[in-house]
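Chain by chain, the residues run as shown.
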Amino acid sequence: MRILMIVKYLPIQGGVSIQNYWLAQTFAELGHEVVVLTNANEVEEEYRIQLSDDDKSKLTGFRKVDSIKVISTELDENEFHVPYSKAFGSKLLSLGLEIVEKFHPDFIYAHYVEPYGVVAMNLSAITGIPYTIKHAGSDLGKLSLLPQFKTLHEQVYRRASLVVTQGKHHSYFDKIGVRTEKLTVLGFKPWPADVFAPTEPARYEGVCELLIYGKTGRSKGTDQLLDALSLYGKDQPPIKVTAYWGGKHFLKYKEKILSLGLIERKLLELRPYVPHWRIAEAVKKSHAVLYLENNFKISIHGPGIPFEVLGSGRPMVTTEEIACKYSDLIEESNSEIIKGTPLRAEDLLSSLSRIAQRDYVDKKVQSNIDLSDLYFKGIGNVERFLLKVQELQR
């Protein structure tokens, strides 16, 4: 099949673009022709992944370069208009029409309603090519509920050939008039076993190496972590937190980090966003990974970080909120769970001290998640999904 994906993609940071990156690889490795249409080259600097030349070559294929064609919108200094916007909808739709003329896709896959699903709906209406929409947690939990988005977003769901969702959301789609037979699951797990498979333990050289990565914010535990590190005493077991951080709040946090002297005290090292496969390398170099999401406004948010960390054989320091969402995974993982919501710096401080006191010398790495099994089951799910797409076209 010829597949046009209209999606978030690298170098945009975040779980959705990671899912789309590995899904594009899977489509291509299953023998399909894939074109990715995105606005990734225009992502704001605070959400941009830093790519080396080698990383850039992997955008068109992780294992086989140029197995995927990637087309992005670009900023043009002549596109200025009042009131100003980046006009992503118009640019993506125009590029999509050009792609259809040259590539003749069999179907369109969009992930995230705004702007990708809206563009897919309009492109389908003009060309007659069917589209599938996969929503994100922030679509159903936020954007699709806003008065100025609601009516259009419901049309995106209704007009799609398939809506990729989960069973717990069927009542919402029934309420807005999407037929049950249109609802499907994809069941793709974006954690390739050869990238995240457990390796030897991280070397212990007298300091417990901790890792944290992702966006910053109070609901991500950033404030609490900085406060806890500022209270971390010289009499406590040595730790160092390596933080791959960014986001709109990052500059504010950087000022606080400098004022607290956390870098000078060698408690914290700051690094920019890097691609998913570099995160896998960082996870394997750490003794434990911090994931501190708490009081997150979008309750249906289902982050993938616990899978990739625990699947790599590393314990987590995480919140009760995350432990409840992933109880089966985390209970058997030897992770440190911080009780209480919202997260408090004092409780996190105690957890940091406890995780640092563990014996990391000559410890065998074990994982209670078989990522290989998950990934290959996911590939099978992708194949079944594509068969369903083909059936709808007959």
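**Student:** What is the right way to read the overall build of the protein from this model?
**Tutor:** For the protein, the count of helices and strands is 16 helices and 13 strands. Against the 2.2 N^0.38 benchmark of 21 Å for 394 residues, the protein shows a C-alpha radius of gyration of 22 Å, consistent with a compact globule. Oriented by its inertia axes, the alpha-carbon framework of the protein measures out at about 70 × 50 × 45 Å. Put simply, 76% of the contacts in the protein that link residues at least 6 apart link residues at least 24 apart. Accessible area for the protein stands at about 18,600 Å²; split by element, carbon and sulfur atoms hold 51% of it. Seen as two clouds, the 50 positive and the 49 negative side-chain charges of the protein have centres 2 Å apart.

**Student:** Explain the sheet that holds strand 11 (residues 288-291) to me, please; I cannot follow it from the model alone.
**Tutor:** What holds strands together in a sheet is hydrogen bonding between their backbones, with the strands either parallel or antiparallel. Strand order in this open sheet of 6 strands is 10-9-8-11-12-13, and the pairing throughout is parallel. Taken across any chain shown, the strands that pair with only one partner, and hence form the sheet edges, are strand 10 (268-271) and strand 13 (336-338). Put simply, the sheet's adjacent strands are angled 20° from each other on average, direction ignored. Sheet analysis places strand 8 (residues 208-215) next to strand 11, joined by 2 bridges and oriented parallel. Opposite L211, over in strand 11, you have V289 as the bridge partner. Sheet strands in contact with helix 10 (residues 250-260) are strand 9 (239-246) and strand 10, and its direction is about 150° off that of strand 10. This element, helix 15 (residues 345-356), spans strand 8, strand 9, strand 11, strand 12 (316-319) and strand 13 of the sheet and lies at about 170° to strand 13.

**Student:** Mind showing me how you'd approach a nonpolar patch on the surface here?
**Tutor:** Taken together, the side chains of L75, F80, V82 and Y84 make up a nonpolar region of the molecular surface, amounting to roughly 490 Å² of accessible area. As for its placement among the helices and strands, L75 is situated in the loop between strand 3 (68-72) and helix 3 (88-103). Its relative accessible area of 56% is what places L75 among the exposed residues.

**Student:** What am I meant to see in the packing of aromatic side chains here?
**Tutor:** Pairs of aromatic rings are described using the distance from one ring centre to the other and the angle between the two planes. Counted under the stated rule, the structure contains 14 aromatic pairs. Taking 5.8 Å as the distance between ring centres and 45° as the angle between the ring planes, the aromatic pair formed by Y9 and Y21 counts as tilted. Highlighted residues: Y9 in the loop between strand 1 (2-7) and helix 1 (15-29) and Y21 in helix 1, separated in sequence by 12 residues. The exposure class of Y9 is buried, given its relative accessible area of 0%.

**Student:** Help me out: how do you make sense of the sheet that holds strand 5 (residues 131-134) in this one?
**Tutor:** Strand order in this open sheet of 7 strands is 3-2-1-4-5-6-7, and the pairing throughout is parallel. For this open sheet the edge positions go to strand 3 and strand 7 (183-184), each flanked by a neighbour on one side alone. Bridge analysis of strand 1 against strand 2 (residues 33-38) gives 5 bridges, and the strand direction is parallel. Residue pairing in the sheet places M5 in a bridge with V36 of strand 2. With respect to the sheet, helix 1 is in contact with strand 1, strand 2, strand 3, strand 4 (107-111) and strand 5, its orientation differing from that of strand 1 by roughly 175°. Sheet strands in contact with helix 6 (residues 147-159) are strand 5 and strand 6 (162-164), and its direction is about 125° off that of strand 5.

**Student:** How do you make sense of the pairing of strand 1 when you look at a structure like this?
**Tutor:** Walk down a regular strand and you will see the side chains alternate between the two sheet faces. Burial within strand 1 is extensive, with 5 of its 6 residues counted as buried. Pairing between strand 1 and strand 4: 5 bridges, direction parallel. Residue pairing for strand 4: L4 is matched across the bridge by I108.

**Student:** So what exactly am I meant to see when it comes to unusual backbone geometry here?
**Tutor:** Peptide bonds are trans in most cases, and residues, glycine excluded, mostly fall at negative phi. P11 follows L10 through a cis peptide bond whose omega is 15°. Geometrically, the link from V82 to P83 is a cis peptide bond, its omega value of -10° lying close to zero. Position of P83 relative to the elements: it lies in the loop between strand 3 and helix 3. The phi dihedral of N295 falls on the positive side, at around 55°, and the residue is not glycine.

**Student:** Just to check I follow, could you spell out the pattern of salt bridges for this structure?
**Tutor:** Oppositely charged side chains can form a pair if their charged atoms are brought close together. Scanning the entire structure with this criterion turns up 23 salt bridges. Residue R63 pairs with D194 through a salt bridge whose shortest N-O separation is 2.9 Å. Linking R63 in the loop between helix 2 (53-57) and strand 3 with D194 in helix 8 (residues 193-196), this pair joins segments that are 131 residues apart in sequence. Here the salt bridges do not stand alone but share partners, grouping D54, D55, K58, R278 and E281 into one network.

**Student:** Looking at this structure, how should I read the side chain of E154?
**Tutor:** Tracing the chain through its elements places E154 in helix 6. Aside from chain neighbours lying at most four places away, what touches E154 is Y172 and I176.

About the thresholds
- Residues numbered from 1 in each chain as written.
- Predicted model: local features only at pLDDT ≥ 70, side-chain atom pairs only at ≥ 80, totals over all residues.
- Heavy atoms only, no water.
- Helix = DSSP H or I, 4+ residues; strand = E, 2+ residues; numbered from the N terminus.
- Rg over C-alpha atoms; globule rule 2.2 N^0.38 Å.
- Contact = heavy atoms within 4.5 Å.
- Areas by Shrake-Rupley, 256 points an atom, 1.4 Å probe, with all protein chains shown as cover.
- Lys, Arg positive; Asp, Glu negative; His and termini not counted.
- Charge placed at Lys NZ, Arg CZ, Asp CG, Glu CD.
- Pairing = 2+ DSSP bridges.
- Axes fitted to C-alpha atoms, helices over the stretch in contact; angles between N-to-C directions.
- Patch = residues over 30% accessible without salt bridge, like charges linked within 9 Å, V, L, I, M, F, W, Y side chains within 5 Å.
- Salt bridge = Lys/Arg side-chain N within 4 Å of Asp/Glu carboxyl O.
- Buried < 20%, exposed > 50% of the residue type's maximum accessible area, 1.4 Å probe, protein only.
- Phe/Tyr/Trp six-rings, centres within 6.5 Å; stacked < 30°, edge-to-face > 60°.

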